[in-house]
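What follows is each chain in one-letter form.
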Amino acid sequence: ATADASRCVFIVGMPRSGAALVEQILISHGEVAPAGETALSRHLVQRLEGGPSPFIKPFTNHAAINMQSVNEMAAFYVSTLQMIAKSQGAEAPQRITDRCTHNYLYLGLLDRIVPKARVIHIKRNPLDTMLSSYMTSFDIPYLFKTHPADWAVAYRAYERMMEHWKTVVSMPILDVEYEDIVSDLEGQAKRMIEFLGLAWDPACLRFWETPRRMTPLQNQ
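Note that the structure is predicted; figures quoted are calculated from it, not measured. (Residues numbered from 1 in each chain as written. Predicted model: local features only at pLDDT ≥ 70, side-chain atom pairs only at ≥ 80, totals over all residues. Heavy atoms only, no water.)

Draft legend 1. Inspection of the nonpolar core at higher detail. Within the largest apolar cluster, 43 residues are counted, with the highest numbers of intra-cluster contacts made by Phe-10, Tyr-104, Leu-107, Leu-109 and Val-114. At eight residues, helix α3 (residues 67-87) tops the list of elements feeding residues into this core. Other than its neighbours up to four places away in sequence, Phe-10 contacts Ser-41, Tyr-77, Asp-98, Asn-103, Leu-110, Val-114, Ala-117, Arg-118, Val-119, Ile-120 and Met-171. In terms of nonpolar packing, the next biggest core, distinct from the first, is built from 21 residues, Ile-11, Leu-174, Ala-189 and Phe-207 among them. (Core = buried A, V, L, I, M, F, W, Y, C linked by side-chain atoms within 4.5 Å. Buried < 20%, exposed > 50% of the residue type's maximum accessible area, 1.4 Å probe, protein only. Helix = DSSP H or I, 4+ residues; strand = E, 2+ residues; numbered from the N terminus. Contact = heavy atoms within 4.5 Å.)

Draft legend 2. How the structure looks around the pattern of salt bridges. Taken as a whole and assessed by the stated rule, the structure comprises nine salt bridges. Linking Glu-177 and Lys-123 is a salt bridge whose minimum nitrogen-to-oxygen distance equals 3.4 Å. With Glu-177 in strand β5 (residues 173-177) and Lys-123 in strand β4 (residues 118-123), the pair connects residues that are 54 residues apart, well separated along the chain. Taking relative accessible area as the criterion, Lys-123 reaches 23% and is therefore assigned partly exposed. (Salt bridge = Lys/Arg side-chain N within 4 Å of Asp/Glu carboxyl O.)

Read these as spatial facts, not as claims about activity.
What follows is the structure in structure tokens.
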């Protein structure tokens, strides 16, 4: 892809695993802007698959991938993230986060579109994640959240998929444990900021002081 995606940061994982906390820590840094939980990747997948789908599923239409489509999608994705950041007053952030957690489904496709992006993979105790998902109403139809057995199958599939991506994609992936953030905020915050290639900003340790900036694409 010809678009420079080095500013892009994907925060992925299962729903209710701590992605919002990771985002809030990162955007407290003076050079990081949030795009929120965007629908950009899902939009691109639906476009390549030939139409919208009521379900969230992996990308399968590999025949639709060629140099022209990759460059068009990269330009769309990068320019839209920059537009969102600018709309919030961030003229030239060094990094822009996309907190759409189910982007873990699309990391293979995204690696073709924006290979210079970075991925932070947030993990949490499976039982805590399941209970929190079960008790939360989502705008997105996570059908597996309604029954523990379905959730367990979906969780195992997610784990296998993430392990697979780590062996085939070129984008760097950083695993972060939610429980480690809780027990060692400073250590994990510094680890994430270093992964983004930025100088340390102590504001990341006071993330609750950073106003959460919602965007029109949030929760779509």
